[in-house]
Amino acid sequence: MRRPPVLLALSGVVLGLVLAEGAARLTGDWLCVDVPGVFVEADPVLGWRQRPNLRGWAAFCRRKAVPPTLVATDARGFVNPGRPIEKSHDTARILLLGGNVPQALGVPWSLSTAGMLEGRGDARRGRPLEVVNGAMGSFALDQDLLLLRSEGARVAPDLVLAVIDPVVETTALSPALIALASSRAPAKQYFDAVDGALVPFETPAPEPAAPPPAVGAQGILARSALYRLWRGLPPDSGTPPGWLPVLPLPTDTAAETARGERVLRATLTALREESSRLGARLALILLPPPREPRFGEETPTHRMLTMARELDIPALSLSLAFRAMPALFGNTGYVADTTRFNADGHFLASHTIWTFLEREGLLPPGVVSIRVGGGGRVPPLAPFQDALVAALAMERTGGVARVVAAGLLGVVLVWLAAPLPPRARDWVTVGASLLSIALLLGPIGIVVALGFAAAVYGVAEIRPSWARRPLLTLVLAALVATPVLWLAQLPSERSVPLRLYLGLASAMSLLRLAGYAAERQRRRRRAPLADYLVGMLFFPTFAGGPIQSVWALARARRGDAVAPESMPALGRALVRAGGGALRLAWGTAKLLVAPLVLGLVTPDVIASSGDAVSRARLWAWLVEITVYLWAVYGGWSDVGIGLAAMVGVRAPENFRAPWAAVAPGDFWRRTLVTVTGRFRRLVGRPIAHRYGLPAGVLASFAAGALWYAWTVLALYGAFGSRPGAWAGLAAWALVHAAGVVAGDRMRRDARGPAARMLGWMATHVLVALAWVPFAAFPFGTVGTSVRIYARLFGLR
């Protein structure tokens, strides 16, 4: 057997194990919420709390209650995205208390009530806002009080929001009523009410604590995060929460319920006084009841609202908002078969709560509402290292991280296939590409990708053009509609992580499929099926490009680059792989860092037509979005080029120093080279051949504008577009088309360095100004762009 391919395959085994172990350590361990002592441990003050400094997948291992959620707890056991315990002097804080619902397992932190409330504060026009999520699973109001007393001074909240379930809150304060409902009561501090004040309630001594659950892996295996994640084993465990012995059932349920009501009133009073002592206000958020009340029925929600009003505590019921949930979002707002909110439920709750806080004047002093979603952010320049670490912690399984991880898995599989014959390696590459799609989109992604690829492959072989062209148009139109319609059917917690990858992959696939059909129409030979599928699905460049024809990619994959035949060739392959890894790291860094520091004012600029910033800042914004677009699109290209280099394929460059362009046409021949080149070949040249060069250039930009619009609609959803925004994209296409035609004519007549410098300046001013309607789509109209231009040039 040939030694170099075998050595490359062994290198793939080592690389795969190293990458898998690194990914497991980055994402964290498997944290079983329903196994006592793993996610929750006993606490002498609160009864139990989430374990501090955890990082991993919070999931219900014994039953499928909610989807696994990547969480990180701080030193207090709070689920918060890597922020210090102590409050900064210029920061406002809201402390969120409660149980399962505000704890928000099952949705990412950014889609939880706490995360979305925090995102509604405008850090540019007012005080920065932090929402500290102090909610713990199954907490009752008495535990919220104890937590506020023990942690409130360090958290230093300006507002305390207690999320309460009125239906079960009275029961949760009485061990006898808990025993009546579920036969056992958890061990914690219970209270009684004497003359309106809380006093400790005597309960039997707790049963001996159960032993901590076994970690499972011992010895060297226990040190492997990959092994623990594969086996579903926690890294360690704490002391499980205890239980009270079986209590006698209450002989007078009505009397015990009345006692619970008194304890509830006294607890609310104590919460209000403790909040006041900390310099904060208290507000109550009442969760919706499990069923609609009958007409005239006095519900626990009504009784709680009455009690809050008597105690002068602002209170909001979410019942009315959630009655409209099916009409607004097409679902109940809950994770199926649970009482926990899904992402849509958290969105509606956060919107309703914020509106209530504004109306009642409860927002912390200096906090200002954002103008538009995603606005009001400021670059974390001073604590940039901490901000970057926090961003990496939150994005370690985000869209970029998933694409990179899936790509690296494909690299490992291709290396493992090095000893196989060439055609077998081709099919392994197809399998690796399909596996990458499945990891990001699920099995249905494989069906959709293969279905469209097979449809175009077959339709392109139909000889009569009158039959081929309508069928091909129908297939490509179906590809255009599929991602938008598919995402519209998914709940937000599933669709949001998919949007980025699906939007990019669909856009690139459309150009690849159309390009193959066009080249077959020009009588180019039919590609073998394996080469065709590799060309359509090649995992390094499938989502972010660059785009290569099927035949060009097949040529690039032949020879020693993929399966080295000698030791020197193996050395060159490993060196290329190392260079590809560096390119991959550079692209990933651009994709992660650019959103932290660039384009932060874009939502505010679009929402206010430029009034949100000064005129000088508005000019700087033009430069900023130019750099941002280069960083994002260039970052995706770097990721694809780097992964391709790791499997021995030299992918074409997508950016060729666009900053050196001296004419608009020169700029677009250097920018997104493989994409713009595909538009010129598919649209521009045929139109120019029939109607002249200006018409061909305009058609190319019009097609590019429609392609970009479709990508954005797949990312944001069709509901996000405004009719006037399309006119802005049309203006963008017209301006660039006119600039390319006029600029190329002037460039032919220009001579000397002065003319080149003038052309360079004019090109980049034109390009920067033309980004305005491009950046405004789909939320700003052409009128928005006109008003921004007027402000830029001092006309308003």
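Please refer to the structure placed before this passage.
Predicted model, so just to flag it, every value in this text is computed and none were measured. (Residues numbered from 1 in each chain as written. Predicted model: local features only at pLDDT ≥ 70, side-chain atom pairs only at ≥ 80, totals over all residues. Heavy atoms only, no water.)

Asks: Any chance you could explain the side chain of Glu519 here in plain terms?
Replies: Assignment of secondary structure puts Glu519 in helix α18 (residues 492-521). Residue classification places Glu519 among the buried residues on the basis of a relative accessible area of 13%. (Helix = DSSP H or I, 4+ residues; strand = E, 2+ residues; numbered from the N terminus. Buried < 20%, exposed > 50% of the residue type's maximum accessible area, 1.4 Å probe, protein only.)

Asks: Looking at this model, I keep getting lost on the packing of helix α15 (residues 422-441) against helix α16 (residues 443-459). Mind explaining?
Replies: In a packed pair of helices, the relevant descriptors are the angle between the two axes and the axis-to-axis distance. For the pair α15 and α16, interaxial distance at closest approach is 6 Å and the crossing angle is 130 degrees. With respect to α16, the element α15 is oriented oblique. Handedness of the α15/α16 crossing: right-handed. Along the contact surface, α15 presents Leu434, Ile437, Ala438 and Leu441, while α16 presents Pro443, Ile444, Gly445, Ile446, Ala449 and Leu450. (Axes fitted to C-alpha atoms, helices over the stretch in contact; angles between N-to-C directions. Parallel < 35°, antiparallel > 145°, perpendicular 65-115°, else oblique. Left-handed = near helix turned anticlockwise from the far one by under 90°. Contact = heavy atoms within 4.5 Å.)

Asks: Help me understand a nonpolar patch on the surface, please; the structure alone is not making it clear to me.
Replies: On the surface, Leu7, Leu10 and Met567 cluster together to form a nonpolar patch covering roughly 250 Å² of accessible area. With respect to the helices and strands, Leu7 occurs in helix α1 (residues 3-27). What makes Leu7 partly exposed here is its relative accessible area of 31%. (Patch = residues over 30% accessible without salt bridge, like charges linked within 9 Å, V, L, I, M, F, W, Y side chains within 5 Å. Areas by Shrake-Rupley, 256 points an atom, 1.4 Å probe, with all protein chains shown as cover. Salt bridge = Lys/Arg side-chain N within 4 Å of Asp/Glu carboxyl O.)

Asks: For this particular structure, what's the right way to read the environment of Trp726?
Replies: When you line up the elements, Trp726 lands in helix α27 (residues 723-749). The exposure class assigned to Trp726 is partly exposed, which follows from its relative accessible area of 33%. Spatially, the C-alpha atom of Trp726 lies 9.8 Å from that of Phe774, the residues being 48 residues apart in sequence.

Asks: What is the right way to read the nonpolar core from this model?
Replies: The nonpolar side chains of a soluble globular protein tend to be buried, and buried together. Within the largest apolar cluster, 81 residues are counted, with the highest numbers of intra-cluster contacts made by Tyr501, Tyr516, Tyr532 and Trp707. Per-element accounting of this core gives the leading share, 13 residues, to α18. With residues near it in sequence (within four places) discarded, Tyr516 still touches Val456, Tyr457, Ala460, Glu461, Arg526, Ala527, Tyr532, Met536, Val550 and Trp551. Among the nonpolar cores identified, the runner-up in size contains 50 residues, and Leu54, Phe139, Leu147 and Met307 belong to it. (Core = buried A, V, L, I, M, F, W, Y, C linked by side-chain atoms within 4.5 Å.)

Asks: I would appreciate a short explanation of the sheet that holds strand β1 (residues 29-32) in the present structure.
Replies: Sheet strands pair by backbone hydrogen bonding; their relative direction is either parallel or antiparallel. Strand order in the open sheet formed by 3 strands is β1-β4-β5, with mixed pairing between adjacent strands. The sheet is open, and its two borders are formed by β1 and β5 (69-72), each paired with just one other strand. The average angle at which neighbouring strand axes cross in this sheet is 45 degrees, direction not considered. Note: β1 against strand β4 (residues 55-59), 4 bridges, orientation parallel. Each bridged residue has a counterpart across the sheet, and for Asp29 the counterpart in β4 is Gly56. (Pairing = 2+ DSSP bridges.)

Asks: Even after reading the chapter, I still don't get the sheet that holds strand β7 (residues 129-133), so can you show me in this structure?
Replies: Pairing in this open sheet of 5 strands is parallel, and the strands run β7-β6-β8-β11-β12 from one edge to the other. With one partner strand each, in any of the chains shown, β7 and β12 (315-317) form the two edges of the open sheet. Neighbour-to-neighbour, the strand axes of the sheet open up by a mean angle of 20 degrees, direction not taken into account. Two elements, strand β8 (residues 159-164) and strand β11 (residues 281-286), share 6 bridges in a ladder whose sense is parallel. Along β11, the bridge assignment pairs Val160 with Leu282. In the packing of helix α12 (residues 343-359) onto the sheet, the strands contacted are β6 (92-97), β7, β8, β11 and β12, and the crossing angle to β12 comes to about 145 degrees.

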